[in-house]
Amino acid sequence: MVVQEYRAELERHARASSTINVQLAALRKLASEAAENGLLPPEVAAGIGKVRGLRQAGVRARKWLTRDQAEQLLRAPDVSRAKGRRDQALLALFVGCGLLRSELSVLSVGQIQQRDGRWVIVDLIGKGQRVRSVPMSGWAKAAVDRWTEPAGITEGRILRAINKADRVVSDRITPQSIFEIVERYSRALGIAVAPHDLRRTFAKLAHRGQAPVEQIQLSLGHASLQTTERYLGLEQDLVDAPCDRLGVQI
């Protein structure tokens, strides 16, 4: 069956179990809807529905970059080319704003607005359909401008497909393409990470820079503070505890 062959091909390319399972789930849903609308024989749809995903053993190791590694990654693209400028903007939005790749793939020019004297990404729709706004660092906005201004992008999606001739050929880019771009640059530097690791890098570096955990939570769009704390890998410190810093004497 073609779908089985597709799954095998994904495994040969060492795709993560979660990535393979998401793609197979999309195919199963597409086949089911096609059968319901008379576009695919029911028996074919049933066969596709029986293609199972991969078992995910254990918990994926959490990765993030140090500040020096993050800077190396951001400087890796060749900004003399359109592709390099686009890729630097992509990486800057990950590291500088902590976005999900699904959010990044549909991010539009109009969502970057000035609020309270700074640039902000507004009306992001994240997990659970929660809407949030994310402040942008100045260097992330500059990276976006270096890409969009020469490319003449004034509306619509920010990130777009580019061909081998270094020309924009589509007004969109897929989450899978974003994954591959991040993987390619990070592997070239010997610090292989995935897009979600760059989101975690944003959180880790912000926390080490003394950003309040509550504000990191808002930028990431987590539903609860506990999720953000787990994300950061925070542990209770019984040696240097909060109660030791109250400054109260009786």
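Only a predicted model underlies this, so the values are computations on that prediction, with no experimental measurement involved. (Residues numbered from 1 in each chain as written. Predicted model: local features only at pLDDT ≥ 70, side-chain atom pairs only at ≥ 80, totals over all residues. Heavy atoms only, no water.)

A few points about the overall build of the protein chain
Okay, so step 1: Tallying secondary structure elements over the protein chain gives eleven helices and three strands in all.
Okay, so step 2: Mapped from its N terminus to its C terminus, the protein chain presents α and β elements in the order α-α-α-α-α-α-β-β-β-α-α-α-α-α.
Okay, so step 3: Considering the protein chain as a whole, with its 250 residues, one finds that 39% of them fall into the buried category.
Okay, so step 4: Sequence-distant contacts, at least 24 apart, represent 55% of the contacts inside the protein chain between residues at least 6 apart.
Okay, so step 5: With an accessible surface of roughly 14,900 Å², the protein chain has 52% of that area assigned to carbon and sulfur atoms. (Helix = DSSP H or I, 4+ residues; strand = E, 2+ residues; numbered from the N terminus. Buried < 20%, exposed > 50% of the residue type's maximum accessible area, 1.4 Å probe, protein only. Contact = heavy atoms within 4.5 Å. Areas by Shrake-Rupley, 256 points an atom, 1.4 Å probe, with all protein chains shown as cover.)

Let's talk about helix H5 (residues 82-97)
Counting along an α-helix, one turn takes 3.6 residues, and residues three or four places apart therefore face a common direction.
Okay, so step 1: Between the first and last C-alpha of H5 there are 22 Å, a value that for 16 residues agrees with the 22 Å anticipated at 1.5 Å per step.
Okay, so step 2: Of all the 16 residues making up H5, 15 are buried; the element is thus mostly covered by neighbouring parts of the structure.
Okay, so step 3: Gly 98 sits one or two positions beyond H5 and adopts a positive phi of about 70 degrees. (Expected span 1.5 Å × (residues − 1).)

Focus on the pairing of strand E3 (residues 131-135)
Okay, so step 1: Every second residue of E3 is oriented toward a common face, the buried set being Arg 132 and Val 134 and the non-buried set Val 131, Ser 133 and Pro 135.
Okay, so step 2: Hairpin connection from strand E2 (residues 118-125) to E3: five residues lie between these consecutive antiparallel strands, with Gly 128 at a positive phi of about 70 degrees. (Pairing = 2+ DSSP bridges.)

Details of the environment of Thr 174
Okay, so step 1: Mapped onto the elements of the fold, Thr 174 is located in the loop between helix H7 (138-151) and helix H8 (175-188).
Okay, so step 2: For the pair formed by Thr 174 and Leu 159, sequence separation is 15 residues and the distance between their alpha carbons is 9.4 Å.

As for the side chain of Thr 228
Okay, so step 1: The residue Thr 228 is located in helix H11 (residues 225-232) in this model.
Okay, so step 2: Under the relative-accessibility criterion, Thr 228 is labelled buried at 0%.

Remarks on the sheet that holds strand E1 (residues 112-115)
Okay, so step 1: With antiparallel pairing, the three strands of this open sheet are ordered in space as E1-E2-E3. Either end of the sheet is taken by a strand with one partner, and the two such strands are E1 and E3. Ignoring strand direction, the axes of neighbouring strands in this sheet form an average angle of 40 degrees.
Okay, so step 2: Bridge count for E2 against E3 is four bridges, and the pairing is antiparallel. Note that in E3 the partner of Val 120 across the bridge is Pro 135. (Axes fitted to C-alpha atoms, helices over the stretch in contact; angles between N-to-C directions.)

Some words on the environment of Leu 99
Okay, so step 1: With respect to the element layout, Leu 99 can be found in the loop between H5 and helix H6 (101-106).
Okay, so step 2: A residue is classified by how much of its surface remains accessible, and Leu 99, at 1% relative accessible area, is buried.
Okay, so step 3: On a C-alpha basis, the gap between Leu 99 and Arg 199 in space is 6.1 Å, while along the polypeptide they are 100 residues apart.
Okay, so step 4: Not counting chain neighbours up to four residues away, the residues in contact with Leu 99 comprise Leu 93, Phe 94, Leu 104, Leu 107, Ile 121, Leu 124, Arg 132, Val 134 and Arg 199.

Quick word on the packing of aromatic side chains
Okay, so step 1: Taken as a whole, this structure holds zero aromatic pairs when the rule is applied.
Okay, so step 2: Directly above the ring of Trp 119 sits Lys 141, whose terminal nitrogen or CZ lies 4.1 Å from the centroid.
Okay, so step 3: Lying across the ring of Trp 64, Lys 204 places its NZ or CZ 4.0 Å from the centre. (Phe/Tyr/Trp six-rings, centres within 6.5 Å; stacked < 30°, edge-to-face > 60°. Lys NZ or Arg CZ within 6 Å of the ring centre and 35° of its normal.)

Some words on the nonpolar core
Okay, so step 1: Residues Leu 90, Leu 104, Ile 121 and Leu 198 are the most contacted members of the largest nonpolar core, which totals 37 residues.
Okay, so step 2: At the level of elements, helix H4 (67-75), H5, E2, H7 and H8 are the ones that each hand at least two residues to this core.
Okay, so step 3: Examining the composition of this core, we find that nine residues originate from one element, H5, more than from any other.
Okay, so step 4: Filtering out sequence-adjacent residues up to four positions away, Leu 198 remains in contact with Leu 65, Leu 73, Leu 91, Phe 94, Val 95, Val 182 and Val 193. (Core = buried A, V, L, I, M, F, W, Y, C linked by side-chain atoms within 4.5 Å.)

Focus on the pairing of E2
Okay, so step 1: Where E1 lies against E2, four bridges are found, and the strand directions are antiparallel. Each bridged residue has a counterpart across the sheet, and for Arg 115 the counterpart in E2 is Arg 118.
Okay, so step 2: Here E1 folds back onto E2 in antiparallel fashion, the turn holding two residues, of which Asp 116 has a positive phi close to 55 degrees.

Looking at unusual backbone geometry
Okay, so step 1: Its identity is not glycine, yet Asp 123 carries a phi of approximately 55 degrees, on the positive side.
Okay, so step 2: The residue Asp 123 is located in strand E2 in this model.
Okay, so step 3: Positive phi, close to 65 degrees, is recorded for Asp 166, a residue that is not glycine.
Okay, so step 4: By secondary structure assignment, the location of Asp 166 is in the loop between H7 and H8.
Okay, so step 5: Taking relative accessible area as the criterion, Asp 166 reaches 22% and is therefore assigned partly exposed.

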